[in-house]
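# Examining the three-dimensional arrangement
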Amino acid sequence: MASRPRVRVGIVGAGFVAHIHGLAYRHVRGVDVELACVTAARPERAQAYAREFGVARAVADFRAVLADPEVDLVDLCVPAHHHASMAIEAARAGKHVIVEKPLTGFFGPAATPREEMLTRALASADQVLAACAAARVRLCYAENWVYAPPIQKARRLLAASGGPILRLVGEESHSGTHAPINKRWVTGGGGSLIGKACHPLGAALYLKADEGRRLRGVPVRPVSVMAETAQLADTATFRAATPRYLNTVEGADVEDWGTMLITFDDGTVAAISAADTVLGGIRNQMAIYGAKAVVLCNINPNDLVQAYAPDGSVFGDEYIVEKIETKAGWTAPQPDEEWTTGYPQEIQDFVECVATGREPLSNGPLARDVTAVIYGAYLSAAAGRRVDLRPYLSA
């Protein structure tokens, strides 16, 4: 019998996302995955991660991961402002690379003109894509919504219906990130739009591109965007209200709410929203209105499990759902949140792509289009006008 393909992974980072990926690697089928090494800014975290996930060794730094001949695939679980530079270095070292969302962005002063942000973010994305192409390595864009079972089921239902998607309405919102670096332009590259709206936006662009290839032989692409943003936690009424349940950070200079209206080259539309100002647990939802069908995707919350407790202490340490403020009252506990959100399916695809040489479902061109739309939205919100994306899109 032929031996199974093997993929050896070097993980960079040992925080929240690295933990999710570590769990997902355990579910890979058909390919032998070896977690060869891990590194983190804090060595003790890398060592703890290695023990938890059976990583062969914790190494000193990123350079050690790139120099390791036992590493085929570098998994970048690091803050967004490190994505582009590390991805380029990994590609030049001959490693396939997984880059968490967002692929890249503009990381600098919040007062920078938005058109400059747009051009510089896209230049950064182009550098990543060019480095991977030159090295002939796979760029895996870790947009888990593309792989979420509700989105993939929607894709199959809409394909079976035979008609086009006319309108998409998507949202990701919760009560705010705990990471201060995501609350400042210089390290976050923006706020709710880049950090959260990238998820439903990525899914919407993926579904329309898939439809275009199926119905007309080429992807449907976005051509314009209109947007509005706000800092709702910086209003006088919010500052006067106590107690506060949202995760706000002093000195935040990014939006905590935003909405985008995207028009596609076939005349159809998508409305995408995101916020760091929504209580009650994370909201990951998309409604897809087709010419022959309607599909509602409730990634979170959903009613697969519903529970009631008169007091928040009743359920003890048992997990409920991401970003829930209290376990009291009625809640929607998620029995397998990682599966519903698409993480194991995402890692399965990436590992298979490295093993077989095919392109991942969520790839560099999708990541670049997401970057173009989001920074086009920032320009639209600042200028108060519709932004034509066509000059910024790659062929």
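To be clear, the structure that these remarks concern was listed above.
Not measured: the values here are computed from a predicted model. (Residues numbered from 1 in each chain as written. Predicted model: local features only at pLDDT ≥ 70, side-chain atom pairs only at ≥ 80, totals over all residues. Heavy atoms only, no water.)

### Some thoughts on the packing of helix 4 (residues 83–92) against helix 5 (residues 114–135)
Packing of helix 4 against helix 5 brings their axes to within 8 Å, and their N-to-C directions diverge by 10 degrees. With respect to their mutual orientation, helix 4 and helix 5 come out roughly parallel. Crossing of helix 4 over helix 5 shows left-handed handedness. Taking contact as the criterion, the partners of Ala84, Ala87, Ile88 and Ala91 in helix 4 are, on helix 5, Ser124, Gln127, Val128, Ala131, Cys132 and Ala135. (Axes fitted to C-alpha atoms, helices over the stretch in contact; angles between N-to-C directions. Helix = DSSP H or I, 4+ residues; strand = E, 2+ residues; numbered from the N terminus. Parallel < 35°, antiparallel > 145°, perpendicular 65-115°, else oblique. Left-handed = near helix turned anticlockwise from the far one by under 90°. Contact = heavy atoms within 4.5 Å.)

### Notes on the packing of aromatic side chains
Applying the stated criterion to the full structure yields five aromatic pairs. Taking 5.8 Å as the distance between ring centres and 85 degrees as the angle between the ring planes, the aromatic pair formed by Tyr147 and Phe350 counts as edge-to-face. A residue pair is termed long-range when its members are at least 10 positions apart, and Tyr147 in the loop between strand 6 (139–142) and helix 6 (149–161) and Phe350 in helix 11 (residues 343–356) qualify at 203 residues. Through a chain of ring-to-ring contacts, the aromatic side chains of Trp185, Tyr375 and Tyr378 assemble into a single cluster. (Phe/Tyr/Trp six-rings, centres within 6.5 Å; stacked < 30°, edge-to-face > 60°.)

### Quick word on the side chain of Thr187
If you trace the backbone, Thr187 turns up in helix 7 (residues 185–188). For Thr187, a relative accessible area of 16% puts it in the buried group. Aside from chain neighbours lying at most four places away, what touches Thr187 is His81, Phe107 and Ile181. (Buried < 20%, exposed > 50% of the residue type's maximum accessible area, 1.4 Å probe, protein only.)

### A look at helix 12 (residues 364–383)
Between its terminal C-alpha atoms helix 12 stretches 28 Å, which fits the 28 Å expected from 20 residues at 1.5 Å a residue. Helix 12 sits mainly inside the fold: 17 of its 20 residues count as buried. Remark: Gly384 follows helix 12 within two positions and exhibits a positive phi of approximately 70 degrees. (Expected span 1.5 Å × (residues − 1).)

### Notes on the nonpolar core
Counting 108 residues, the largest nonpolar core has Leu76, Met260, Met286 and Tyr375 as its most contacted members. If sequence neighbours within four positions are ignored, Tyr375 has contacts with Gly105, Phe106, Met117, Leu118, Ala121, Trp185, Gly189 and Ile194. (Core = buried A, V, L, I, M, F, W, Y, C linked by side-chain atoms within 4.5 Å.)

### Things to note about the pattern of salt bridges
By the definition in use, this model includes 20 salt bridges. Salt-bridge contacts for Lys208 lead to Asp266; the nearest nitrogen and oxygen are separated by 2.9 Å. Of this pair, Lys208 sits in helix 8 (residues 192–215) while Asp266 sits in the loop between strand 9 (257–264) and strand 10 (269–275), placing them 58 residues apart in sequence. Note on Lys208: relative accessible area 0%, which makes it buried. Among the salt bridges present, the one from Asp369 reaches Arg221, with a minimum N-O distance of 2.9 Å. With Asp369 in helix 12 and Arg221 in the loop between helix 8 and strand 8 (222–230), this pair connects stretches of sequence that are 148 residues apart. Three or more residues joined by partner-sharing salt bridges are found here, namely Arg8, Glu70 and Asp72. (Salt bridge = Lys/Arg side-chain N within 4 Å of Asp/Glu carboxyl O.)

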